[in-house]
Amino acid sequence: MRKDAKIYVAGHRGLVGSAIVRALEEKGYHNLIYRTSSELDLRQQSAVQHFFAEEKPDYVFLAAAKVGGILANSTYPAQFLYDNLMIQANVIEAAYRNKIDKLLFLGSTCIYPKLAPQPLQETYLLTGPLEETNEAYAIAKISGIKLCGSYNREYGTNYLSLMPTNLYGPNDNFDLGTSHVMPALMRKIHEAKMMRQSTVTVWGSGNPLREFLHVDDMAQACIFVTEHVKAEKAGEFINIGTGVEITIRDLALLLCEVIGFEGKLIFDPSKPDGTPRKLTDVSKIHHLGWKHRIELREGIQDTYQWYLKQMEEANE
Ligand code: GDP
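These lines cover the structure that appears in this document, whether it is placed above or below. (Residues numbered from 1 in each chain as written. Predicted model: local features only at pLDDT ≥ 70, side-chain atom pairs only at ≥ 80, totals over all residues. Heavy atoms only, no water.)

## Examining the sheet that holds strand 2 (residues 32–33)
This is how the line gets drawn: Here the rule is simple: two strands pair whenever DSSP picks up at least two bridges between them. Every helix listed is a DSSP run of H or I at least four residues long, and every strand listed is a run of E at least two residues long, numbered separately from the N terminus.
As summarised here, the arrangement of the six strands in space is 2-1-3-4-5-10, forming an open sheet in which the pairing is parallel. Of all strands in the sheet, those with a lone pairing partner are strand 2 and strand 10 (238–240), marking the two edges. As paired strands, strand 5 (residues 158–164) and strand 10 are joined by three bridges and run parallel to one another. Following the sheet pairing, Met163 is matched in strand 10 by Asn239.

Right, dumping it as structure tokens:
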């Protein structure tokens, strides 16, 4: 990528999009374009076509999506399926029509079958039934992978798909009804500490295993593959993760330690556990030459500092 290449980051205000913007700017890319969702509704085909025809970007990072944690996913399946199908179909088709060579599509490791062998290799896609709590989102993301692959096969484009494990970091969603586990527990434990409560409630049994990647590492992976990897070398898609997992219970304990909360954890079995385990096999991205840098404790410390700063600014 030339440093003056025109790069469209779709979803620039989200967790991943904002990290991609930070990382691109740090590397000296200075011709970035973006639109808020009120300026450009990516679910509207004609608006998206018009935007691409006018701006003609050289590269596209497709980080715009309807995302949410386990409760939001299972409560609003229609929105998760419809919004994501529309966003990705509109952006990918507009990119093709406007002769954009390289596009990066982002999904998640929830595309894998619920009971797939672990760690999850890219070849396990579509080998079994999906986890029910996020099936709609997963179906949309699988369609996105297939869309990119089909355009590459039929039209010779270079559209790559990355499937990150659970991400966390600055600009995450801290709304307890819709967030993922990391921001949810960070907020709950922080508030319990501030209010001198003796307990914090953790959803489910605490036994599920999850893998967490700091979003700044994810942004580095996005730029790395865009700069160095061609679609034919990437195959259908590439997992992005650390290859290290932790139980939800141990994650909660680590958060208590970093935040400085000495109370007890209470587990709420009325909330779903979701898939029991979701560990990515990261050998493909390692072979291509990329590895994560930020370990979990350090990443949590960094995110908690960001969270405290946000709280301070909101109170000023
Ligand atoms: P998932 O990885 O798609 O299942 O999504 P989440 O990040 O929302 O949930 C991961 C795991 O953390 C599930 O087993 C949840 O039940 C558990 N969990 C524990 N406490 C919370 C919480 O306060 N919020 C969320 N979203 N998940 C929680």
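## A few points about the packing of aromatic side chains
Two numbers describe a pair of aromatic rings. These are the distance of the centres and the angle of the planes. Note the following rule: A pair of aromatic rings is counted whenever rings of Phe, Tyr or Trp (Trp by its six-membered ring) have centres within 6.5 Å, and the orientation is called stacked for planes under 30 degrees apart, edge-to-face for over 60 and tilted otherwise. With a 1.4 Å probe rolled over the protein chains alone, any residue whose accessible area is under 20% of its type maximum counts as buried; one over 50% counts as exposed, and the rest are partly exposed.
All chains considered together, the criterion is met by 11 aromatic pairs. Where Tyr151 meets Tyr155, the ring centres are 5.2 Å apart and the plane angle is 80°; that geometry is what we call edge-to-face. One end of the pair, Tyr151, and the other, Tyr155, are both in helix 5 (residues 135–155), four residues apart, so they sit about a helical turn from each other. The buried category is assigned to Tyr151, whose relative accessible area is 12%. Consider the rings of Phe174 and Trp306, whose centres lie 6.0 Å apart with planes at 25°: the pair is stacked. With Phe174 in the loop between strand 6 (166–168) and helix 6 (181–194) and Trp306 in helix 11 (residues 296–315), this residue pair connects regions lying 132 residues apart in the sequence. The exposure class of Phe174 is buried, given its relative accessible area of 11%. Among the aromatic residues, ring-to-ring pairing joins Phe174, Tyr304, Trp306 and Tyr307 into one connected group.

## Focus on the site of the ligand
To be explicit about the condition: Note on definitions. A residue lies near a molecule or strand when any single heavy atom of the residue is within 4 Å of it. N or O atoms closer than or at 3.5 Å make up a polar contact, with two conditions inside protein: a donor-capable atom paired with an acceptor-capable one, and, for residues adjacent in sequence, both atoms drawn from side chains. Accessible surface is estimated by sampling points in the Shrake-Rupley manner with a 1.4 Å probe; for residues, cover comes only from the protein chains shown. Lys, Arg, Asp and Glu make up the charged group, whereas Ala, Val, Leu, Ile, Met, Phe, Trp, Tyr, Cys and Pro make up the nonpolar group; the residues left over, Gly among them, are polar.
The ligand sits among 18 residues. The nearest are Val181, Lys188, Arg210, Pro272 and Asp273. Ser179 is positioned such that a nitrogen or oxygen atom in its backbone is 2.9 Å from a nitrogen atom of the ligand. Between the ligand and the protein, one listed contact pairs an oxygen atom with a backbone N or O atom of Val181 at 2.9 Å. Protein chains shield 97% of the accessible area of the ligand, which is 540 Å² for the free molecule. Listed by contribution, the elements that provide at least two residues to the shell around the ligand are helix 6 and strand 7 (199–203). The residue makeup of the shell around the ligand, split by class, is nine nonpolar, five polar and four charged.

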